[in-house]
Amino acid sequence: MTETLIRGRLLSFRRAPGHAGDRESYLYEEDGALLVRDGKIAAVGPYAEVKPKAGADTAEIDHRPHLILPGLIDCHVHFPQMQVIASYAANLLEWLNTYTFPEECRFVETAHAERIATQFFDEFLRQGTTTAVAYCSVHKASADAFFAESLRRGTLMIGGKVMMDRNAPQGLLDTPQLGYDETRAVIEQWHGKGRNHVAITPRFAITSTPEQMAMTQTLAEEFPDLHIQTHLSENHDEIRYTCELYPDATDYTDIYARYGLLRKKALFGHAIHLSDREADAMAESGAVAVHCPTSNLFLGSGLFPLKAIQRREKPVTVAVATDIGGGSSYSMFKTMDEAYKIQQMLGERLNPLESFYHMTLGNAVALDLADRIGTLDEGTDADIVVLNAAATPAMRLRMETVTSLSEELFLLQTLGDDRSVVETYVAGKASKPGAEA
Ligand code: GUN
Ligand code: ZN
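Criteria and thresholds
Chains are numbered independently. Their residues run from 1 in the order of the written sequence. Each chain gets a letter, beginning with A, and each ligand a number, beginning with 1, in the order they are written. With the structure being a predicted model, the display of local features is reserved for residues of pLDDT at least 70 and the display and counting of side-chain atom pairs for 80 or more, all residues being used for whole-chain, interface and lining totals. To get the side-chain values, take all heavy atoms of the structure and skip hydrogens and water. UniProt positions are given in the numbering used here, feature names are shortened, and annotations may be inferred rather than shown by experiment. Sites may look incomplete because water is not among the atoms; the donors themselves are N, O and S atoms within 2.8 Å of the metal, or within 3.2 Å for Na, K and Ca. Here a site with four donors is tetrahedral if all angles are between 85 and 135 degrees, and a site with four or six donors is square planar or octahedral if opposite donors are over 155 degrees apart and the other angles are between 65 and 115; anything else gets the irregular label. Buriedness of a pocket was judged along seven lines, with at least five required to meet protein on both sides within 12 Å; pockets are open sets of points on a 1 Å grid over the protein atoms alone, cavities are sets where a 1.4 Å probe fits but cannot get out, and lining residues have an atom within 4 Å of a point. Grid points are joined across faces, edges and corners, and a volume is the space filled by probe spheres set on the points. Helix and strand definitions follow DSSP, with helices as H or I runs of at least four residues and strands as E runs of at least two, each counted in order from the N terminus. Only buried residues count toward a nonpolar core, which is a set of Ala, Val, Leu, Ile, Met, Phe, Trp, Tyr and Cys residues joined through side-chain atoms within 4.5 Å. When a residue's accessible area, from a 1.4 Å probe over protein chains only, is under 20% of the maximum for its type it is buried; when over 50% it is exposed; and in between it is partly exposed. The contact criterion used is simple: two residues touch if any of their non-hydrogen atoms lie within 4.5 Å. Charged residues are taken to be Asp, Glu, Lys and Arg, nonpolar residues to be Ala, Val, Leu, Ile, Met, Phe, Trp, Tyr, Cys and Pro, and polar residues to be all remaining types, Gly included.

As named in an unreviewed UniProt entry, the chain is Guanine deaminase, taken from Rhizobium rosettiformans. Under the Catalytic activity (unreviewed entry) heading, UniProt states for the chain: "guanine + H2O + H(+) = xanthine + NH4(+)".

Here it is as structure tokens:
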């Protein structure tokens, strides 16, 4: 048995905040502690109450005055796009064809996939992100590299071998049968191994023939509990072309619905330009719209109506994500900073409690994993991030005038990055690259 006592200011959400001052929506302990035992949170509360539950020789780590939160969650990222980030393109389709597809071809080389996998995990843990939902490339070896590295790190990761059989370079195409066979092989090899989860991953309707979509439907039926991830309604040219390719479908969302992919635990990247009918269909099925703000701004894709879609009579579940490499930052703080600005442009308010809820419990709920990650609740996995809102000279100066938790969170969101991440714990183990233990 290994046991650690971690002391600091605890913040963990209980539910979505109803308004900017919703004190009931979260737990906050000014002098709190977590007792971590064998990778799980064994006790949480005021330090004075948790300390007596620890063994006499239990190591104690004092992170005061820093904030302790659940590890951050990123619900949409492309693991093979670390060397695509910051590519200069006019729009989504140009960016995919000019930079992204050629780069992903390199993942046919196992050694390359393994090198980038190492870098990927280093970077995510540096940013305080302990769970990510990742697209690998079309090559099975890329999924093998991703999950093997996740197993080594002990992380809870969700990933999938991309299925795509048209409208991309030859080196990135599988076939309906190969996509099916290799996805099954990845599931058998990696799903449930360590903390790994496999997602069924048709890239998007443009790069899958109807025959391949039918195969994804078979997989979805054979594995009803698995996550599904794909892209939806990101860019107007993309929407037009997609609807031309599937002329019988009512709209873009209906394509996925026809192949049985609209369901709980199905994650639809972007979903910016949905009609009312599409939003209703998403809401009724329990599918998730994954908001990727830095990507949407970087590629000029559009302004996702986050607040409006949550306010609907039939609200759509929303997750948040970086979408590296269409996204321009690995940081979930930067991600929510841009989400905030998008809502500003739409005349809406996104308060700091909501932002931090989305990065933690909100994303865990969207993934149907809130019993494992996203909170500091007893019995959950000890994925934890320690944050310093005074990490840089500019932040320190601004912190002098901060008088509330909400203001501190807003400062972290607006000026914070990996320098604000003091430590990242994965299943109770200090794991931030370069951090002092
Ligand atoms: N649509 C299909 N593939 C991609 C991708 O890799 N990134 C983004 N942003 N959109 C996509
Ligand atoms: Zn994407």
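For the rest of this paragraph, the subject is the coordination of the zinc ion (ligand 2). All of the protein donors around the zinc ion (ligand 2) are His76 (NE2), His78 (NE2), His231 (NE2) and Asp323 (OD); their distances to the metal are 2.0 to 2.6 Å. The coordination sphere of the zinc ion (ligand 2) comprises 4 donor atoms, whose angles at the metal cover 87 to 164°; the geometry is irregular. Written as a sequence motif, the donor residues of the zinc ion (ligand 2) are H-x1-H-x152-H-x91-D.

Looking now at empty space enclosed by the protein. Applying the stated criterion across every chain, the model contains 1 cavity of 30 Å³ or more. Roughly 90 Å³ of internal volume is contained in the largest cavity. Looking at the largest cavity, it is lined by 14 residues, and the ones nearest its centre are Leu92, Trp95, Leu96, His231 and Glu234. In terms of residue count, the dominant contributor to the lining of the largest cavity is helix α2 (residues 92-105) (3 residues).

Turning our attention to the nonpolar core. Core analysis: the largest hydrophobic core is formed by 102 residues, its most contacted members being Phe79, Phe120, Phe146, Tyr256, Met282, Phe356 and Leu387. It is helix α3 (residues 110-126) that provides the largest number of residues to this core, a total of 6 residues. Ignoring sequence-local partners within four residues, the contact set of Phe120 consists of Val77, Phe79, Met82, Ala132, Ala134 and Phe146.

In this structure, the largest pocket occupies an estimated 320 Å³ of space. Lining the largest pocket are 13 residues, and of these Ala16, Gln310, Val318, Tyr357 and His358 lie nearest its centre. If you list the elements that add at least two residues to the lining of the largest pocket, you get β13 (317-320) and α13 (352-366). It is α13 that provides the largest number of residues to the lining of the largest pocket, a total of 5 residues. In the lining of the largest pocket, the residues fall into 7 nonpolar, 5 polar and 1 charged.

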